[in-house]
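# Summary of structural features
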Amino acid sequence: MVLGKGASSSLSRKMVDGVENMVSNCNDFTVLVVDDDPVIRKLHDMHLKKFGLRAQVVENGKKAVDLCHFGTIFNLILMDKEMPIMDGVEATKELRAMGVNSLIVGVTSRDSQYETQTFMEAGLDFCFEKPLTADKISFILQELNKKN
């Protein structure tokens, strides 16, 4: 399931075929993966590398907020919803309040409408169920290219 501003729940084959063209445009993008699960962090990092992207990874929302507070700029932030210390909802609210205009994509293991809506209202651009797949990353990269 994908939720977002004007998002479609289906991905076209044409979009997936166009990934090679997108990748060349995305190589300079900076990505932050925020997730407390080391397996998900590694999985998302590996998927991003396949698209030519390098990611910085942190295990909670506080570390993400701190990085941005101290001036680190990311084009894309993949934000888990449930984490210790600071969850994704609070971190996303703080990042938006700080003026961070990165594409923030929520990733959650919960597929309930209420949970996803609460997360979206915090300031996400899109929200996906874990784990991200090549199709989902293709969609995200397409949106990132539109934004940048």
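Up top is the structure these notes are about.
Now for a description of the structure that goes with this document.

Quick notes on the rules
- Residues numbered from 1 in each chain as written.
- Predicted model: local features only at pLDDT ≥ 70, side-chain atom pairs only at ≥ 80, totals over all residues.
- Heavy atoms only, no water.
- Helix = DSSP H or I, 4+ residues; strand = E, 2+ residues; numbered from the N terminus.
- Contact = heavy atoms within 4.5 Å.
- Expected span 1.5 Å × (residues − 1).
- Buried < 20%, exposed > 50% of the residue type's maximum accessible area, 1.4 Å probe, protein only.
- Phe/Tyr/Trp six-rings, centres within 6.5 Å; stacked < 30°, edge-to-face > 60°.
- Axes fitted to C-alpha atoms, helices over the stretch in contact; angles between N-to-C directions.
- Parallel < 35°, antiparallel > 145°, perpendicular 65-115°, else oblique.
- Left-handed = near helix turned anticlockwise from the far one by under 90°.
- Nonpolar A, V, L, I, M, F, W, Y, C, P; charged D, E, K, R; others polar.
- Core = buried A, V, L, I, M, F, W, Y, C linked by side-chain atoms within 4.5 Å.

## Some thoughts on the environment of A91
Among the secondary structure elements, A91 is positioned in helix α5 (residues 88-97). As for A91 and G61, which are separated by 30 residues in sequence, their C-alpha atoms are 4.9 Å apart. Those residues in contact with A91, other than ones at most four positions away along the chain, are G61, V65, M79 and M86.

## Details of helix α7 (residues 134-147)
With 14 residues, α7 ought to run about 20 Å at 1.5 Å a step, and its terminal C-alpha atoms sit 20 Å apart, in line with that. Turning to α7, its buried residues are K136, I137, S138, F139, I140, L141, E143 and L144.

## Let's talk about the packing of aromatic side chains
Tallied over the full model, the rule gives two aromatic pairs. Note on F126 and F139: the rings are 5.1 Å apart at their centroids and 85° apart in plane angle, and the pair reads as edge-to-face. With F126 in strand β6 (residues 126-129) and F139 in helix α7, this residue pair connects regions lying 13 residues apart in the sequence. The exposure class assigned to F139 is buried, which follows from its relative accessible area of 7%. A network of ring pairs unites the aromatic residues F126, F128 and F139 as a single cluster.

## A look at the packing of helix α4 (residues 61-69) against α5
Contact geometry for α4 and α5: axes closest at 9 Å, N-to-C directions at 10°. Considering the angle they form, α4 stands roughly parallel to α5. Between α4 and α5 lies a crossing of right-handed hand. When α4 is examined against α5, the residues G61, A64, V65 and C68 are found in contact with a partner set consisting of A91, E94 and L95. Looking at the contact of α4 with α5, its residues break down into five nonpolar, one polar and one charged.

## Focus: the nonpolar core
The nonpolar side chains of a soluble globular protein tend to be buried, and buried together. Residues L32, V34, I77, M79 and L95 are the most contacted members of the largest nonpolar core, which totals 22 residues. Examining the composition of this core, we find that four residues originate from one element, α4, more than from any other. Leave out the neighbours within four places in its chain, and L32 touches Q56, V58, A64, L67, F74, L76, I77 and L78. With 19 residues, the next largest nonpolar core counts F29, V33, I137 and F139 among its residues.

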